[in-house]
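# Close look at the chain arrangement
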Amino acid sequence: MTTNTPAGNLAATGVVPGFPSAGRIVARGSTALALLGALVIWLALLGPFAVLIQHLSLHSIRTALGPPGALDPLWVSLGASAIALGVMVLLGTPLAYLLARGRLPLARLVELGILLPLMMPPLVIGLLLIFLIGPEGTLGMLLADIHLTGVNTFFALIVAEFYEAAPFYVLGAHAAFASVDPRVEQDATLLGDRPLQAFRRITLPLAAPGLATGLATAWARAMGAFGAVIIVAYYPRGLPNQIFIAFQEFGLSGALPFALLLVVAALPLPVLAYLWSARTRARVAGVEAP
Amino acid sequence: MNATPTRLLAVELGVERRDVTVQASFGLEAGQRLAIFGTSGAGKTTILESIAGLTRLSRGNVRIEGHLVAGKAGNEPALAPRDRQVALVRQPTTLFPHLTVEQNVAYGIRRSPARGRVTELLERLGLSMLARARGSALSGGQRQRVALGRALASPFRVLLLDEPLSAVDVAAREALRSLTIETATERDAAGIMVSHDLTEAQAFGDQLAVIDAGQLLQVGGALDVVLSPVSRRVAELVGYGGFVPAPLAADGWFAIHPDRVLLGAAPERGVVLSGIVLSTRPFGPRYECTVTESSGARFTIHVDEPLPAGVECTITALDPPVVAA
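Residues numbered from 1 in each chain as written. Chains lettered and ligands numbered in written order. Predicted model: local features only at pLDDT ≥ 70, side-chain atom pairs only at ≥ 80, totals over all residues.

What follows concerns the overall build of chain A. Looking only at helices and strands, chain A has 14 helices and zero strands in total. Each helix (α) and strand (β) of chain A, taken in turn from the N terminus, gives the series α-α-α-α-α-α-α-α-α-α-α-α-α-α. For chain A, whose C-alpha radius of gyration is 26 Å, the value lies well above the compact-globule estimate of 19 Å for 290 residues. Taking the principal axes of the C-alpha coordinates as reference, chain A spans close to 90 × 55 × 30 Å. Residues counted as buried form 33% of the 290 residues belonging to chain A. Across chain A, the fraction of contacts at a sequence separation of at least 24, relative to all contacts at a separation of at least 6, is 72%. (Helix = DSSP H or I, 4+ residues; strand = E, 2+ residues; numbered from the N terminus. Rg over C-alpha atoms; globule rule 2.2 N^0.38 Å. Buried ≥ 20, exposed ≤ 12 C-beta atoms within 10 Å, placed from the backbone. Contact = placed C-beta atoms within 7 Å.)

The following block contains the structure:
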């Protein structure tokens, strides 16, 4: 049965008398504002990349990166970041899981400890690390017993990168595990899985997109770590240090090729991780990947 | 030889919740099915999750084939979840969202020969066409079918179902219920279903338990509990629509069930009552009339023809149970 009442007409047109123009103006205004915001942010973020490309010539790249040993900072950064990341995954993954499941005693205190390096200026972290792992530090003296030195060594570089990057991985992994309904893990164990099997078959695949994003962010942070690194590990020279030194010695033109090298080395993993995460999330959600 | 064989499932539990203390005590033999019926929040799900060992008990314990699965009993270790042989269908439904429908159903199957059963199950669940779809792409009813299939495919001895068909089309429920009962019977398993729908509960359980505010008020045969409620509260919960003072029983009331009345006086079949019709409204294919009796007590009856408000009517309540206030 159809009605010809005003209500019936409203339902048909979806228009509320007295409000259409105001509603549309607000909607259009919000959209325009959002687009403008997106444009400004994109320009602000991509601007420096454009400048980097614009100010680089093939000649300056060859001059800076051509000599023997010029790529050593790259290998140092890649090696130290990879090891720091490995340690992060090994220690940070169980920690993040237990935090997400609320199974850790003094969880708030642990969380605060993880957040602290994010809140502190990296330079200060570097200074404090010298007190901790430097030759005169409490831990430093213990490290000396096993022939490790916490200042100006590859080991010191790994520690400094770890401090700057680990919170990004642990917090990312925490969010990723928290997004997995604990009830599906319980279902898996009731269906015959051991806890580790349930973790491998259910928790890990579901948390993987978030873990990948956290890992990629931590990788980018570790590769670009500078504040703490320059205090505790001026040597061996990683890429960020090399950029700083080249800038001091040769100015912008000398630093830019190494900046490009750092971007090229650090960025693909995060970009790939982001694309993979987005695709996996969309697949699990039953939506086509963009 | 043990003179008293171990029950398949023995439950003696107490769980302190913030709102209510849930207590339950019952046992099931192999092949028995119990339906727990009650309102939302009464403690039905708590009982199921306690039996599965997923909820910490405040007291008591749960045993499956004599093995401790929840609670404490001296230094006896509780059986690990994977060894409990419990299948649980939850409300709201939980699926493994990254797996396909087929992978979800096959999840609990460890031996490859049993995988042939998955294809058959998918067909009987009406999911063959969706075998390669992921859980997130399914409707509520389809998700429930997958969760049910996953439970039925696993090697369970105790089947726990929390409103397993609530989102399934009414037309498909009978087939799914039959499949569930058939599978439980084949495995010689014990089954428990909780529901707030009495007809659904009766269709599953040969035993019916009524729960209210955390307490099991009555456990008995699926029809016996409805025909002979032990208290006014149980009678209210199982659908009695009014209470009339019983002249011969001090503090006793006839419980009048709307569907267990005849129009007119038939004293040989029950208790004859007279009253004035207060209101009449459609009730499915019938009518529901509210009647006030001479004592002032009100009750409702379901009739085929509408009774106009204000007329006097006589009805016979068929063997109404007498319940205490």
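Next comes the rest of the description.
This part takes up the domain arrangement of chain B. When its domains are assigned, chain B resolves into domain 1 (9-227) and domain 2 (240-324). Computed over C-alpha atoms only, the centres of domain 1 of chain B and domain 2 of chain B are separated by 38 Å. (Domains from an automatic or database assignment.)

Another point: the interface of chain A and chain B. Counting residues at the interface gives 17 residues for chain A and 19 residues for chain B. A breakdown of the residues in the side of chain A that touches chain B according to their chemical character gives eight nonpolar, four polar and five charged. (Nonpolar A, V, L, I, M, F, W, Y, C, P; charged D, E, K, R; others polar.)

Turning our eyes to something else, we now look at the environment of Ala70(A). All names here are of chain A. Structurally, Ala70 can be placed in the loop between helix 3 (58-65) and helix 4 (72-100). Between the alpha carbons of Ala70 and Gly126 there is a distance of 26 Å; along the sequence they are 56 residues apart. Leave out the neighbours within four places in its chain, and Ala70 touches Ala64 and Leu65.

We now examine the sheet that holds strand 18 (residues 322-324) of chain B. Residues and elements named next belong to chain B. Read from one edge to the other, the open sheet built from three strands follows the order 11-12-18, with strand pairing classed as antiparallel. Looking along the sheet, the strands with just one partner apiece sit at the ends: strand 11 (242-245) and strand 18. Averaged over all adjacent pairs, the angle separating strand axes in this sheet is 45 degrees, with direction ignored. Here strand 12 (residues 252-256) pairs with strand 18 via three bridges, running antiparallel. Looking across to strand 18, one finds that Trp253 is bridged to Val323. (Pairing = 2+ DSSP bridges. Axes fitted to C-alpha atoms, helices over the stretch in contact; angles between N-to-C directions.)

The next point concerns the environment of Leu260(A). Residues and elements named next belong to chain A. Looking at where Leu260 falls in the secondary structure, it is placed in helix 13 (residues 252-266). Put simply, Leu260 and Leu52 are 208 residues apart on the chain and 7.3 Å apart in space, counted from C-alpha to C-alpha. Discounting chain neighbours no more than four positions away, the residues touching Leu260 are Leu52 and Leu56.

Bringing the domain arrangement of chain A into the picture now. Frequently, the measure chosen for interface size is the accessible area removed from exposure when the parts meet. Splitting chain A by domain gives domain 1 (6-54) and domain 2 (70-284). The gap between the C-alpha centroids of domain 1 of chain A and domain 2 of chain A is 38 Å.

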